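# Summary of structural features
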Amino acid sequence: MIPDWPSERRRMVDRQLRKRGIRDPRVLDAMLAIPREEFVPPECRVSSYQDEPLQIGNGQTISQPYMIALMAELLELTGVETVLDVGGGSGYHAAVLGRLAARVVSIEIIPALARQAEQNLSRTGLGANVTVICGDGSQGWPAAAPYQAISVAAAAPDIPEPLLSQLDDPGRLVIPVGNRFDQELRVIVKSEGVTRERIATFCRFVPLRGDAGWR
Ligand code: SAH
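Residues numbered from 1 in each chain as written. Predicted model: local features only at pLDDT ≥ 70, side-chain atom pairs only at ≥ 80, totals over all residues. Heavy atoms only, no water.

### A word on the nonpolar core
Across soluble globular proteins, you tend to see nonpolar side chains buried next to one another. Among the nonpolar cores identified, the biggest contains 50 residues, and Leu17, Ile22, Met31, Leu77, Tyr92 and Val96 are the most heavily contacted of them. Those elements that place two or more of their residues in this core are α1 (5-17), α2 (25-33), β1 (54-57), α3 (65-74), α4 (92-100), α5 (111-123), β5 (130-134) and β8 (183-191). If you tally residues by element for this core, the top one is α3, at eight residues. Apart from residues no more than four positions distant in its own chain, tyrosine 92 is found in contact with Met31, Ile34, Arg36, Phe39, Ile62 and Ile68. Leu84, Val86, Val152 and Ile175 belong to the second-largest nonpolar core, a separate cluster that totals 19 residues. (Core = buried A, V, L, I, M, F, W, Y, C linked by side-chain atoms within 4.5 Å. Buried < 20%, exposed > 50% of the residue type's maximum accessible area, 1.4 Å probe, protein only. Helix = DSSP H or I, 4+ residues; strand = E, 2+ residues; numbered from the N terminus. Contact = heavy atoms within 4.5 Å.)

### Observations concerning α1
In a regular helix each residue adds 1.5 Å, so 13 residues correspond to 18 Å; α1 covers 17 Å between its end C-alpha atoms and thus fits that length. Of the positions making up α1, those classed as buried are Trp5, Ser7, Arg9, Met12, Val13, Gln16 and Leu17. In this structure, the buried side of α1 is in contact with α2 and α3. (Expected span 1.5 Å × (residues − 1).)

### Description of the pattern of salt bridges
Here the structure, examined in full by the defined rule, presents eight salt bridges. Of the charged contacts, one joins arginine 123 and glutamate 38 as a salt bridge, the two residues approaching to 2.6 Å between their closest N and O atoms. Of this pair, arginine 123 sits in helix α5 while glutamate 38 sits in the loop between α2 and β1; the two residues are 85 residues apart in sequence, bridging distant segments of the chain. One salt bridge connects glutamate 76 with arginine 172, and the closest N-O pair in it is separated by 3.4 Å. You can see glutamate 76 sitting in the loop between α3 and β3 (82-86) and its partner arginine 172 sitting in strand β7 (residues 167-178), a full 96 residues away along the chain. For glutamate 76, a relative accessible area of 48% corresponds to the partly exposed category. One salt-bridge network, in which partners are shared between bridges, spans Glu184, Arg186 and Glu197. (Salt bridge = Lys/Arg side-chain N within 4 Å of Asp/Glu carboxyl O.)

### With respect to the packing of aromatic side chains
Within this structure, the stated rule accounts for two aromatic pairs. When the centroid spacing of 6.0 Å and the interplanar angle of 50 degrees are considered together, the rings of tryptophan 5 and tyrosine 49 count as tilted. Within this pair, whereas tryptophan 5 is found in helix α1, its partner tyrosine 49 is found in the loop between α2 and β1, the two being separated by 44 residues in sequence. This pair shows no difference in class: tryptophan 5 is buried, exactly as tyrosine 49 is. Here the basic side chain of arginine 20 rests over the ring of tyrosine 66, its NZ or CZ set 5.3 Å away from the ring centre. Taking NZ or CZ as reference, arginine 36 lies 5.1 Å from the ring centre of tyrosine 92, over its face. (Phe/Tyr/Trp six-rings, centres within 6.5 Å; stacked < 30°, edge-to-face > 60°. Lys NZ or Arg CZ within 6 Å of the ring centre and 35° of its normal.)

### Some remarks on the site of the ligand
Not every one of the 24 residues close to the ligand is listed here, only the nearest: Ser90, Glu108, Asp136, Gly137 and Arg209. Take glycine 87: an N or O atom from its main chain is 3.0 Å from a nitrogen atom of the ligand. Between a nitrogen atom of the ligand and a main-chain N or O atom of isoleucine 109, the distance comes to 3.2 Å. Elements that contribute at least two residues to the shell around the ligand include exactly β2 (60-62), α4 and β4 (103-108). Top contributing element to the shell around the ligand by residue count: β2, with three residues. Here the residues of the shell around the ligand sort into eleven nonpolar, ten polar and three charged. (Near = heavy atom within 4 Å. Polar contact = N/O pair within 3.5 Å; in protein donor to acceptor, adjacent residues only side chain to side chain. Nonpolar A, V, L, I, M, F, W, Y, C, P; charged D, E, K, R; others polar.)

Here it is, written out as structure tokens:
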């Protein structure tokens, strides 16, 4: 039996997002609109709307819906921004950001996953304003900088300097920082030449690789 995806999506938005305090109506709308089941491998499709990360192959995961919604909400997107999405994975997070911003550059270090993200985005017709790049996102992607928002979906030992310098003013960056097992989700806000930082929550992401990652 094929699950009723729209109602699974509505239930996820009510129980996992609204109840936990996600308020931004544009974020809730995006989470209702993007078909997560199209971004997860066929063997775990039935679990698409579970309250947990899912395996997407190559030892990587697609983040829990709540974490994606929270990160998107913390970026306070209005629809005009260019966003850098570091750790493209399945392309799902990029699709959500693409609905909330003008343009998304999604960078993924594993070639097979970058190809997968590209295919998922084009098959669903959600790739029009998303560019998928295969490369080391711990160095950002200077070609399209500055970014009004940067979203990092892998845990870094510290905030990579290239990401700070490619962040526009005003601009917002969300990134999990910590060791391989425990991290804090940090929000960095650049405004009028001043950079402020706070911790939004605690979390657990897969490690960021690359030059400014865990290598
Ligand atoms: N946002 C993704 C899931 C992120 S999982 C989604 O919606 O599916 C974290 C991803 O970051 C993994 O795919 C991993 O390969 C990638 N990654 C790790 N280090 C990276 C780096 N330095 N640059 C780009 N991607 C990286």
